[in-house]
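A look at the structure
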Amino acid sequence: MRTAGVVALLAAVAGVRAAEWIDTDFNSAAFAAVHDDSKEGRITGALPKGWGDNSGWAKVWVDFSRAEEAQKAFLRVNVTRCENGMCQFAYMLPTPEGETYLHLTVSARSRTGARAQFGVRLAGAPYHFLWDATPALKTEWRDFSYDFRLDKSAVPIGLWINIQGTGQLDLASFKLAAFTREEFTQRLAVKAEGEPSNLIRNSRMPLGLQSGWSLSRDLSDGDEVEVDSDEKMLGPSGAPSLRLRFNTSLLSAGLSAPLKLWSDDKTSKTIQIYSEPFGVVMATEPHVASIFLRGSDKGKLSVVCDGRTIAQKPFDLGRSNNWQRVDVGFKPMLLARAYGLLIECAGKFWLDGLQVERGQAPTEYHSQAACEVALGCASPARVQFDDEEAEISYCVTGEPERGTLKAKVVNVYGEEKPLPDVTLTRKFLQPGRMRYDVFSDRPLGPFRIEVWVENAKHERISPYNELVIYRLRRPRYWGKDAPNSPFGTHTLSVTRHILMAKAAGINWTRLHDAGTEYIGWYHLERNRGEWTFHDKELDRYRKHGLKILGALSTAPEWATGLQRKHSGYGDRYYEPKDFDDFANYVRTVTKRYKGVIDSWDVWNEPWGLTFWHVGYDPKKSGEGYFASDTPAADYARLMGAAHKAAHGVDKELKVLGFNTMAGGDAWTREIQQNGGVENSDVICYHHYASGFAGGPDDIVELGWKQAVGALCEVAPASAPAGRDAGTTLRLPPKPVWMSEGSATAGSLGSGLYKHTVPYANDEDAIDTSDRLARFVVALLGQNVKKVFLYSMHGHNYFGPKYEWRALVTEEGYLHPCAAAHSALAWQLEDTKFVRREQIADGVTGYFFEGKERAVAVLSSKPGRAAFELPKSKHITYTDLFGNPLKKGQALESTLVYATAKELDDLRVLKNNP
C-alpha cells in the first residue's frame with residue numbers, strides 16, 4: 001500500500017528521458033513546499049521538483065531546506081529527532097522495460113557524521129532494494145560514483161535516500177544516467193586499455209597466504225588445517241609453493257568435515273581456500289583461470305563472483321605426484337565487484353602459479369609483471385602487540401635486474417611515511433625483513449605496509465602488494481579467562497578468530513549461529529537418545545581463555561510439530577512439542593559441560609516468527625511461519641523449564657531470560673507477567689543501533705528503555721544510582737546483558753585495504769570504528785554488564801555485502817574497528833561504571849573506576865565545535881586507537897579517553913568552557 005507521498009512522486013515520472021533519469025543540481029533547482037504525510041507537522045521545508053518525502057510512516061522530525069555556503073547552494077536535510085523508523089525521501093524512476101545499466105554520481109557531505117543509504121527500491125511491498133550503497137560521508141564535500149544494473153520491472157521503483165538516526169545530510173548534485181548494454185560495453189572497452197594479461201597480483205606465495213587469501217571460515221588453522229610455504233617444494237613458477245594439509249591426528253579422531261565433494265564418499269574431507277580477489281574489466285569476453293597443483297587427491301577449482309559460483313571444474317591429481325595444471329573457463333558478469341578462485345581438495349596438496357586471463361584456454365604461465373613481492377607475518381591473526389618487534393618479512397621473486405624494493409607505511413589516520421629502499425640483486429628469490437614502526441607519536445592501530453619494485457629508470461616492475469597489520473596493546477587477559485569482562489562477540493571455533501577476538505580485548509563468545517552446531521539441540525540429538533557432542537570445538541575456545549555463553553536453542557524434527565521441510569535454517573526453530581524433552585536436553589548439556597560453560601542463553605529472538613513458531617503456511621506473508629496464539633507465554637514456560645533443569649544440575653549456573661529487544665516493551669511485559677523475573681538469573685536483550693550513541697537520550701538509552709525499562713517498575717526503591725548528577729537510574733531486578741547487537745551492521749567496508757580489493761574502498765574506517773566504540777561505551781553507561789557484538793563469523797568473501805559482519809573484513813581478518821575495541825577494552829577492563837555526566841554543552845563524560853585507575857570516556861555531540869581538553873598533570877589523554885594525544889589537542893568528533901589514578905583527579909573535566 002502506497003503512502004500519499006509515494007503516490008505524489010509517481011506523477012513526476014512522466015516525461016523523463018530514459019538517458020537522464022535524475023539530473024538535479026540543488027544549486028539552481030527550484031524548491032517547493034514538501035508534502036507532510038505525517039499529518040502532525042513533523043515534516044517541514046521544501047524540496048526540488050521530482051523529490052518528495054516518504055517519512056510519514058516513521059516517528060521522525062525532518063526539515064528540508066535550501067542552504068547556502070561560500071556562494072554555493074545545496075539541499076540540507078536535517079533530522080532533529082528519531083523515535084522510530086528513519087527519514088526517507090525519494091525520486092520515482094521510470095520502470096525499466098529491459099536490462100538497464102545506470103551510472104550514479106552524487107556530491108554530498110555530512111557535518112554531523114550522518115549515515116545515509118542511497119538505493120533503488122521497490123515503491124511498494126515488500127520494499128526491498130534492487131541496489132544500494134552507503135557512502136562514507138565526511139565534513140568536506142566528496143563526489144561518489146557508482147555503476148549498477150537493473151532488470152525489467154513490472155512494479156514502480158524509485159531512488160530512495162534513507163538517513164539513520166539524527167543528523168544532517170547535504171547534497172549539492174544528484175545525477176542518474178541510464179545506458180543500454182551496448183553503450184555500457186563501449187565504456188568498458190575504454191577502461192580495459194592497459195589491463196595486465198594476468199589479473200592475479202600474487203601468483204606465487206613464498207611466504208604463505210597473502211593479503212586477500214583466506215581459509216574457509218569453518219576451518220581452524222594450525223590445528224585442523226596447516227597452511228605454510230614449503231621451501232623444499234619449488235613450484236613451476238620457481239618459488240616455494242604453498243602447502244596445505246589436514247592435521248592427520250584430528251582426522252583419525254573424527255574431525256567433522258565442512259564439505260563433501262562427492263556424495264558417495266562418506267570419508268571425504270576437504271580444505272577450502274580462497275585466492276585474493278581480482279577484477280575483470282572486459283566482462284563481455286570469456287576468461288580462463290588456471291593453477292598448478294601437486295598431490296594425490298581429488299578436488300575442485302571454482303570461480304566465485306559476488307557470492308555466487310559462476311564456473312567450476314573437478315580434478316583428480318591421481319598418484320603421479322607431479323605438478324599438474326588445472327584450469328576452468330568462465331563467463332564474467334557485468335558490474336561484478338570482485339571475483340576469486342576457490343580451491344577445494346582433500347588430504348595434502350601444494351599450489352603455485354596462479355593465472356587469470358582473457359581467452360578460452362590458458363597460455364604459458366607468466367606473472368603480472370617482472371617481479372612480485374610477498375609479505376608475511378608470524379601471527380595468524382596479523383596482530384603484533386606493543387611489546388613485540390614491529391617487523392614483517394618480505395620476499396621478492398622474479399628478475400629485478402638492478403631493481404629497488406620500495407615500501408611505505410600508511411596509518412589509519414591517512415598519514416604515510418616511506419621505509420628505507422632495499423637494493424636488489426639478480427637473484428630470483430630475495431627474502432628479508434623490514435620494520436614499520438615509523439609513527440612514534442601514533443604507534444598503535446592498524447597499519448598498511450605497501451611494497452613494490454622499481455627498475456633503474458624508476459619504473460614500477462611489480463604489482464603493488466600490501467599487508468594490513470594491527471599493533472595493539474597486549475590485552476589485560478591475553479590467554480586467560482576474564483569471567484567478569486563485559487566484552488563479548490560471536491565467533492566460530494577457529495584459532496585465528498579466537499586469537500583475533502582475544503587480541504581485540506574480547507573475552508566472551510555467544511554460541512548462536514557461530515556455534516549453534518556445537519551446542520544446539522537440533523545438532524546434538526538428531527534421533528531421540530542418540531547424542532553427538534562437539535567437545536573439541538568448545539575446548540578450543542577455553543584453551544585460549546574465551547568464556548562461553550551457551551545457547552540452549554533449536555529442536556530436532558522428532559521433538560517438534562514440523563510437518564514438511566521448508567527452510568534448513570528456520571525449520572530448526574519450531575517450538576518443542578514437549579518441554580520435558582527440552583528440559584532433558586538442558587540437563588544433558590549443562591551436566592556434560594559443567595566447569596566448561598557456566599552461563600546459558602535460552603533460545604534466540606523468540607519474539608520473531610523466524611525463531612519461534614509452531615507451523616508453516618506458504619500463503620502467509622514473510623517466510624510463511626506462524627506462531628501459536630500465546631508465543632510469549634509459551635516462551636516463558638520454556639524459559640522456566642530451562643532454568644529449573646539447569647539449576648538442578650548446578651545452582652551456580654547463570655540462565656539468561658526474557659530474550660527481548662530494543663522496541664520490545666510489550667514482549668518484556670508479557671514475559672514478566674508469566675514469571676520471567678523468577679525464572680532468570682540475567683535479563684538479556686538485542687539491539688542493532690544506527691543512530692548517534694554517546695550522550696543523554698541517545699539511541700542506546702532509548703533501546704535500553706524499550707527493552708527493559710518496564711522491569712524497573714518492579715525494582716526496589718534502593719536501586720543504585722548511575723546517571724547524570726541529581727538523578728537516579730532505577731535498574732531491573734536482575735543484571736542486564738546485551739546478548740546480540742551492533743552499531744556497524746551493514747556499514748563495515750574493506751577497512752584499510754587499498755590494493756587487495758579490485759574496487760574503490762571509500763570507507764571512513766575512523767567513523768565506523770568510532771560508531772562501534774560509542775555503542776559499547778553507551779551500553780556500559782546503561783549498566784549493561786556484558787555486550788556481545790554480532791558477528792565475527794558474518795563474512796565469507798569479497799564482493800557481496802554481509803550485513804551482520806562485525807570486527808572483521810569481508811574475508812575474515814581484522815577490521816580497524818577491532819583496534820578501536822582493543823583500546824576501549826584495555827581502558828575499561830576491570831572497571832565499574834560510576835556515572836554519566838555532562839561536562840560541557842554537547843560533551844558527555846562516562847566515568848569508570850577500578851582498583852588501579854579511573855577513566856572518563858569523553859563523547860562530543862555531532863556538529864559541536866572542538867572541546868579544549870583541560871590541562872592536568874594527573875590526566876593522560878588517548879585517542880580512539882589508544883594513541884597519546886599531543887598537548888593542546890582537542891576533543892573533536894571521535895571518543896577520547898581521559899585516564900587518571902583516582903576518580904577525583906578527573907573532576908577538572910567538569911564545566912570546562
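Everything below is about the structure printed above this text.
Every chain is numbered independently, its residues counted from 1 as its sequence is written. Where local features are concerned, this predicted model is filtered to residues with pLDDT of at least 70; where side-chain atom pairs are given and counted, the filter is 80 or more; whole-chain, interface and lining totals use all residues. Only hydrogens and water are removed before side-chain values are computed, so all heavy atoms of the structure are retained for them.

Points about the packing of helix α12 (residues 765–780) against helix α13 (residues 816–828)
Closest axis-to-axis distance for the α12/α13 pair is 8 Å, and the angle between their directions is 35°. Where α12 crosses over α13, the two elements pack in a sense that is right-handed. Within the contact between the two elements, α12 uses Ala765, Thr768, Ser769, Leu772, Ala773, Val776, Val777 and Leu780 and α13 uses Pro816, Cys817, Ala820, His821, Leu824 and Leu828. As a working rule, the residues Ala, Val, Leu, Ile, Met, Phe, Trp, Tyr, Cys and Pro are called nonpolar, Asp, Glu, Lys and Arg charged, and the rest polar, with Gly in that last group. Split by residue class, the contact of α12 with α13 holds 11 nonpolar, three polar and no charged. Here, axes are lines fitted to C-alpha atoms. For helices the fit covers the stretch in contact, and angles between N-to-C directions go from 0 to 180 degrees. Going along the chain from the N terminus, every DSSP run of H or I of four or more residues is numbered as a helix, and every run of E of two or more is numbered as a strand. Helix crossings are classified by the rotation of the near helix relative to the far one: an anticlockwise turn of less than a right angle makes the crossing left-handed, while a clockwise turn makes it right-handed. Residues are treated as being in contact if the distance between any of their heavy atoms lies within 4.5 Å.

Let's talk about the sheet that holds strand β43 (residues 831–840)
DSSP-based pairing: two strands are paired if at least 2 bridges between them are found. The strand order β43-β44-β45-β49-β47 describes an open sheet built from five strands, whose pairing is antiparallel. In the strand order of this sheet, the two ends are held by β43 and β47 (876–878), each with one partner. Strand-to-strand twist across the sheet, computed as the mean angle between neighbouring axes with direction ignored, equals 20°. Pairing analysis gives three bridges linking β47 to strand β49 (residues 896–900), with the strands arranged antiparallel. Bridging from a neighbouring strand, Tyr877 pairs with Ala898 of β49.

With respect to α13
To estimate the expected span of a helix, count its residues, drop one, and scale the result by 1.5 Å. Its 13 residues give α13 an end-to-end C-alpha distance of 19 Å, which sits within 8% of 18 Å, the value for a rise of 1.5 Å per residue. Most of α13 is tucked away, with 12 of its 13 residues classed as buried. Exposed residues in this analysis have more than 50% of their type's maximum accessible area, buried residues have under 20%, and partly exposed residues fall in between, with area computed by a 1.4 Å probe over protein chains only. Along α13, the positions that sit buried rather than exposed are Pro816, Cys817, Ala818, Ala819, Ala820, His821, Ser822, Ala823, Leu824, Ala825, Gln827 and Leu828. Positive phi shows up at Asp830, right after α13, with a value of about 65°.

So, the sheet that holds strand β20 (residues 308–316)
Spatial strand order, β14-β17-β22-β19-β20: five strands in an open sheet with antiparallel pairing. Where the open sheet ends on each side, the last strands, each with one partner, are β14 (214–215) and β20. In this sheet, strand β22 (residues 339–346) lies alongside strand β19 (residues 298–305) in antiparallel orientation, the contact comprising seven bridges. If you follow Gly299 over to β22, its bridge partner there is Cys345.

Topic: the packing of aromatic side chains
Aromatic ring pairs are defined here through the distance separating the ring centres and the angle between the ring planes. Two rings belonging to Phe, Tyr or Trp (six-membered ring only in the last case) form a pair when the distance between their centres is within 6.5 Å. Interplanar angles under 30 degrees mark stacking, angles over 60 mark edge-to-face geometry, and anything in between is tilted. Counted according to the given criterion, the structure contains 43 aromatic pairs. Taken together, a centroid distance of 5.5 Å and an interplanar angle of 65° make the contact between Trp452 and Tyr464 edge-to-face. Taken together, the residues Trp452 in strand β31 (residues 445–454) and Tyr464 in the loop between β31 and β32 (465–472) connect sequence positions 12 residues apart. The exposure class of Trp452 is buried, given its relative accessible area of 11%. Given the relative accessible area of 29%, Tyr464 is considered partly exposed. The interplanar angle of 65° and the centroid separation of 5.6 Å between the aromatic rings of Tyr616 and Tyr625 together place this pair among those described as edge-to-face. On the accessibility criterion, Tyr625 (2% relative accessible area) is buried. An aromatic cluster of three or more residues is present, and its members are Trp521, Trp558, Tyr569, Tyr573, Phe582, Tyr585, Trp603, Phe611, Trp612, Tyr635 and Trp667. Its guanidinium or amino end placed over the ring of Tyr813, Arg382 lies 3.8 Å from that ring's centre, counting from NZ or CZ. A ring has a charge above it when a Lys NZ or an Arg CZ is no more than 6 Å from the ring centre and no more than 35 degrees off the ring normal.

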